[in-house]
Amino acid sequence: GVGYAPKGGFSIQGQGQTSRLATVGNSSEVAAGDNAPAPAAGSRSAAPAAGSCSAAELRAPQALLEGAMLCNDSVLASSSEGGKATYTPLGAPTEVALLTVCLKAGIDQKQLKLAKPRVASVPFESEHKFMATVHEGPPVAAAAGTAGRKHIIFVKGAPDRLMPLCKSQVASDDVSAPHAPLDLAFWQEQQAALSSKGLRVLALCRAELPDGEDLSALNPAAILSRGKFLSMVMLLAILDPPREEAITAIQVAHSAGIQVKMITGDHALTALAIGGMLGIAGKGQVFTGPEID
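Notes on the structure follow. (Residues numbered from 1 in each chain as written. Predicted model: local features only at pLDDT ≥ 70, side-chain atom pairs only at ≥ 80, totals over all residues. Heavy atoms only, no water.)

Details of the overall build of the protein
Regarding its fold elements, the protein presents nine helices and 13 strands. Burial statistics for the protein: of 293 residues in total, 41% are counted as buried. At a minimum sequence separation of 6, the contacts of the protein that also span at least 24 residues come to 66%. As displayed, the protein offers around 15200 Å² of accessible surface, 55% of which is attributable to carbon and sulfur atoms. (Helix = DSSP H or I, 4+ residues; strand = E, 2+ residues; numbered from the N terminus. Buried < 20%, exposed > 50% of the residue type's maximum accessible area, 1.4 Å probe, protein only. Contact = heavy atoms within 4.5 Å. Areas by Shrake-Rupley, 256 points an atom, 1.4 Å probe, with all protein chains shown as cover.)

Below, the structure is given as structure tokens:
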């Protein structure tokens, strides 16, 4: 949907779904599990369902999206004045957009964080282009009849950085079911399709960590050195179009004979699409960092 208020339709494989917070909105997409990408929270094609979704209908999207809420350092603050709710983003806009999607799906943020508390994290840095958090999972049977808790790591970030770390993918939209082997070509195809629309694409992955692992040593190098250990959950795509005043400013610059170049951390196809919106795509040439180096 447009803006941060958690109001808007939620579509699963093209079928309109609505949580208690949702009506109909626009402009977000998702590719999840072993299915083709479908409009997600806030798609124009999503027709609101009659009444609220049942718990069973919301269970799958909630389980798939919980990593987007847990692996997140931003806040969507809400207040009410004169009977009108106001939502204020605190932190990275992209992360707040993910929180909005989670709230549209009916996820209870407070309850989720209590059930799966964070015990370690790796902050996002532009050098490695991902963020990771480790959470305590539900209790499991341990030796001598005692109960332990497994640790789950969620990693979100640039798909081209995370796909090489994935060995599997969530199957049938069920994170608790045995995971399927990674269909790398599928995910690369979906990333390219979403990026070419000018959407900012993030990958969300997860894995269970071995019992007794020393979490104090968790850092980007430790994650990158593990090899293929993650399971792909979904791709999340967010539209952040150029402002009208930016387009106008570039037109003025061009009329004055000034060449305008754009430097961005987005995927090359996303950059090309945004450049086209700004009128600076030229002959469709995009240079990546490694190519310039």
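Things to note about the pairing of strand S10 (residues 166–169)
For a regular strand, the rule is simple: side chains alternate between the two faces of the sheet. Bridge analysis of S10 against strand S13 (residues 230–239) gives three bridges, and the strand direction is parallel. Paired with Ser168 across the bridge in S13 is Ser231. Taken together, the two bridges between S10 and strand S11 (residues 180–181) define a ladder with antiparallel strand orientation. Each residue of the ladder has a partner; that of Ser168, found in S11, is Pro181. (Pairing = 2+ DSSP bridges.)

Points about the packing of aromatic side chains
For the structure shown, the criterion picks out one aromatic pair. Both rings, one in Phe186 and one in Trp187, keep their centres 5.0 Å apart while their planes meet at 80 degrees; by these two values the pair is edge-to-face. What makes Trp187 buried here is its relative accessible area of 0%. For the cation-ring pair, Arg226 lies above Phe229, with the distance from its terminal atom to the ring centre recorded as 4.9 Å. (Phe/Tyr/Trp six-rings, centres within 6.5 Å; stacked < 30°, edge-to-face > 60°. Lys NZ or Arg CZ within 6 Å of the ring centre and 35° of its normal.)

A look at unusual backbone geometry
Its identity is not glycine, yet Lys129 carries a phi of approximately 60 degrees, on the positive side. A positive phi angle is found at Ser172, which is not glycine, with a value near 55 degrees. Within the element layout of this structure, Ser172 appears in the loop between S10 and S11.

Topic: the pairing of strand S6 (residues 84–90)
As paired elements, strand S5 (residues 75–81) and S6 share seven bridges and run antiparallel to each other. Residue pairing for S6: Val75 is matched across the bridge by Leu90. The hairpin formed by S5 and S6 contains two residues between the paired strands, and Gly82 there has a positive phi angle of roughly 65 degrees.

This is a description of form; function is not addressed.
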